Amino acid sequence: MKKYRKLIIAAIIALIFIGTFVFLWQKSQPKEVVYNEFTPKKEDIQKTTIITGKIEPRNEVYVKPQISGIITELYKEPGDHVNAGDVIAKVKVIPDMGQLSSAEMRVGLADINLKQAQTDFQRDENLFNQKLISADEYDKSKQKLDQAKHEKLAAEDALQVVRDGVSKSNASASSTLVRSTISGVILDIPVKVGNSVILSNTFNDGTTIASVANMNDLIFRGNIDETEVGQLVGGMPMKITIGALQDLKFDAALEYISPKATESNGANQFEIKAAVKVAKDDKIRSGYSANAEIVLAHVDKALTIPESAIEFSGDSTFVYIIKGEGKQKTYERTAVTTGLSDGVNIEIKKGLTLKDKVRGPELITDDNKKD
């Protein structure tokens, strides 16, 4: 019994040894290399580039006050539509004490001059009625009285402007009311009631009360790399995509290419602008991120193959044309002339026909992946 047991164990060990040897031998044998195969096709091919940028109004106007003071009323909110001349806010004047003092002194002086002119005129009028002075002297006295009256009114107006920001004579054109200078949509009101504001002058730009823009006249603004800018020309069509609006797409036309580059992350970039064609129903907001697709070049009905089938050697390009079938299959290295590439397929200008079959890269199988 022990003898048979030893024989069985020896047989099992032998089978394991032989099986392992056969397995390792099979694994050591070279596998047949299988390649992808492609047939040339006639199709349109184009080279495109994607430019990232944003949508913004062509002209955005910053409305500023005509006087310095404090915001007391805001009549509009961001998103409201306004017409040119509509009141956006009201400003309460905080008078400058030096100017206020000067204006009050001017009123006092004008009042003194007016009283003196009235006294002189009354005396001259009595003398004229008694025919003791000439008509010319009487007219001059009357003229001085009229001038004194006008000076008194002007001084009072100036005092009201300094103190209140508006006078009775120009109430309809009150500088305390901040009005929109254009028709459009209010994009932003960066101030609140109670904020101090200053008018624009030589030393500062003034406080912005609101920014207003015509949202029916939009542009796409972006930057393109210097390697591609040379292929752009004014008027080129573009496809704009706004991802935030469920991939909303619309047309645009290139209208501006910057003559000067700016450096960004070590690369030279050129700014471009394109007029956006948006339907009135599309509610586009200023500042949306967008992508613009531009066709840099295209060829209609070109003979094409996948670019992965091309062998690049210096300035020359080659393909391997398949000859024969099955085990008799061979690959003939052939020079070709290439044209436009879209990054996946490439145009073949010379060296191939529609009847040829081309070898592509090696076909990766599951066995090869395991190895």
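Computed from a predicted structure; not experimentally measured. (Residues numbered from 1 in each chain as written. Predicted model: local features only at pLDDT ≥ 70, side-chain atom pairs only at ≥ 80, totals over all residues. Heavy atoms only, no water.)

(A) Expanded view of the overall build of the protein. Summing up its helical and strand segments, the protein has five helices and 21 strands in all. Out of the 371 residues in the protein, the part that is buried amounts to 29%. Contacts in the protein between residues at least 24 apart in sequence constitute 72% of all its contacts with a sequence separation of at least 6. As displayed, the protein has an accessible area near 24,300 Å², and 51% of this comes from carbon and sulfur atoms. (Helix = DSSP H or I, 4+ residues; strand = E, 2+ residues; numbered from the N terminus. Buried < 20%, exposed > 50% of the residue type's maximum accessible area, 1.4 Å probe, protein only. Contact = heavy atoms within 4.5 Å. Areas by Shrake-Rupley, 256 points an atom, 1.4 Å probe, with all protein chains shown as cover.)

(B) Structural view of the nonpolar core. Ile-55, Phe-220, Leu-232, Met-238, Ile-240, Ile-272 and Ile-294 are the most contacted members of the largest nonpolar core, which totals 25 residues. Looking at this core, the elements with two or more residues in it are strand 2 (41-57), strand 11 (218-225), strand 12 (237-242), strand 13 (248-257), strand 15 (267-276) and strand 16 (289-306). Aside from chain neighbours lying at most four places away, what touches Met-238 is Phe-220, Phe-250, Asp-251, Ala-252, Leu-254, Ile-272, Ala-274, Ala-292, Glu-293 and Ile-294. Listed in part, the 16 residues of the second largest apolar core include Ile-67, Ala-89, Ile-189 and Val-212. (Core = buried A, V, L, I, M, F, W, Y, C linked by side-chain atoms within 4.5 Å.)

(C) Up close: the layout of surface pockets. Of the volumes computed, that of the largest pocket is approximately 540 Å³. Along its surface, the largest pocket is lined by 22 residues, and Val-185, Met-215, Asn-216, Lys-283 and Ile-284 are the ones closest to its centre. Broken down by element, the residue count for the lining of the largest pocket peaks at four residues, all from strand 8 (residues 184-188). Here the residues of the lining of the largest pocket sort into ten nonpolar, seven polar and five charged. (1 Å grid on protein atoms, 1.4 Å probe; cavity = no way out; pocket = protein on both sides within 12 Å on 5 of 7 lines; lining within 4 Å. Points joined across faces, edges and corners; volume = space filled by probe spheres on them. Nonpolar A, V, L, I, M, F, W, Y, C, P; charged D, E, K, R; others polar.)

(D) Structural context of the sheet that holds strand 10 (residues 210-213). Taken together, the four strands give an open sheet; going across it, the order is 3-10-8-5, and neighbouring strands pair in antiparallel fashion. Whereas interior strands pair on both sides, the edge strands pair on one side only; in this sheet they are strand 3 (60-63) and strand 5 (81-82). With three bridges connecting them, strand 8 and strand 10 associate as antiparallel partners. In the strand pairing of strand 10, Val-185 is matched with Ala-213. (Pairing = 2+ DSSP bridges.)

(E) Representation of the sheet that holds strand 9 (residues 196-197) within the structure. Taking strand neighbours across the sheet as the criterion, the four strands line up as 7-6-4-9 in an open arrangement whose pairing is antiparallel. Because the sheet does not close on itself, it has two edges, and the strands there are strand 7 (177-179) and strand 9. Sheet analysis places strand 6 (residues 87-93) next to strand 7, joined by three bridges and oriented antiparallel. Following the sheet pairing, Val-87 is matched in strand 7 by Arg-179.

(F) View of the packing of aromatic side chains. Under the defined criterion, the tally for this structure stands at one aromatic pair. Ring centres of Phe-121 and Tyr-138 lie 5.6 Å apart, and the angle between their planes is 35°; on these two criteria the pair is classed as tilted. You can see Phe-121 sitting in helix 2 (residues 97-129) and its partner Tyr-138 sitting in helix 3 (residues 135-164), a full 17 residues away along the chain. The two residues Phe-121 and Tyr-138 agree in class, both being buried. In this structure, Arg-359 packs its charged tip against the face of Tyr-320, placed 4.2 Å from the ring centre. (Phe/Tyr/Trp six-rings, centres within 6.5 Å; stacked < 30°, edge-to-face > 60°. Lys NZ or Arg CZ within 6 Å of the ring centre and 35° of its normal.)

(G) Seen up close, the side chain of Arg-359. Examined against the element boundaries, Arg-359 turns out to sit in strand 21 (residues 358-362). Buried within the structure, Arg-359 lacks any salt-bridge partner; its nearest side chain of opposite charge belongs to Glu-311, at an N-O separation of 5.7 Å. Beyond its immediate sequence surroundings of up to four residues, Arg-359 is in contact with Tyr-35, Asn-36, Ala-309, Tyr-320, Ile-322 and Tyr-331. (Lys, Arg positive; Asp, Glu negative; His and termini not counted. Salt bridge = Lys/Arg side-chain N within 4 Å of Asp/Glu carboxyl O.)

(H) Quick look at the side chain of Ser-258. As for its placement among the helices and strands, Ser-258 is situated in the loop between strand 13 and strand 14 (262-264). Among the polar contacts listed, one links the side chain of Ser-258 to the backbone oxygen of Lys-260, at a separation of 2.8 Å. Residues in contact with Ser-258, not counting those within four places in the same chain, are Phe-270 and Glu-271. (Polar contact = N/O pair within 3.5 Å; in protein donor to acceptor, adjacent residues only side chain to side chain.)

(I) Here's a closer look at unusual backbone geometry. Backbone geometry at Asn-265 places phi at a positive 55°, although glycine is not the residue there. Mapped onto the elements, Asn-265 comes out in the loop between strand 14 and strand 15.

(J) Region of the structure containing the pairing of strand 19 (residues 330-341). Inspection of the sheet shows strand 18 (residues 316-323) paired to strand 19 by seven bridges, in the antiparallel sense. What sits directly across from Thr-317, in strand 19, is Val-336. Hairpin geometry of strand 18 and strand 19 is characterised by an intervening segment of six residues between the two adjacent antiparallel strands and by a positive phi of about 80° at Gly-324. Judged from the three bridges that link them, strand 19 and strand 20 (residues 345-350) form a sheet pairing that is antiparallel. By the bridge assignment for strand 20, Thr-338 is matched with Ile-348. Here strand 19 folds back onto strand 20 in antiparallel fashion, the turn holding three residues, of which Gly-343 has a positive phi close to 95°.

(K) Fine view of the pattern of salt bridges. With the rule as written, the count across this model stands at twelve salt bridges. Of the charged contacts, one joins Lys-239 and Asp-251 as a salt bridge, the two residues approaching to 2.7 Å between their closest N and O atoms. Separated by twelve residues along the polypeptide, Lys-239 in strand 12 and Asp-251 in strand 13 bring together distant segments of the chain. Several salt bridges share partner residues, and in doing so they unite Glu-56, Arg-221 and Glu-271 into one network.

Take it as geometry only, folks, not as evidence of what the structure does.
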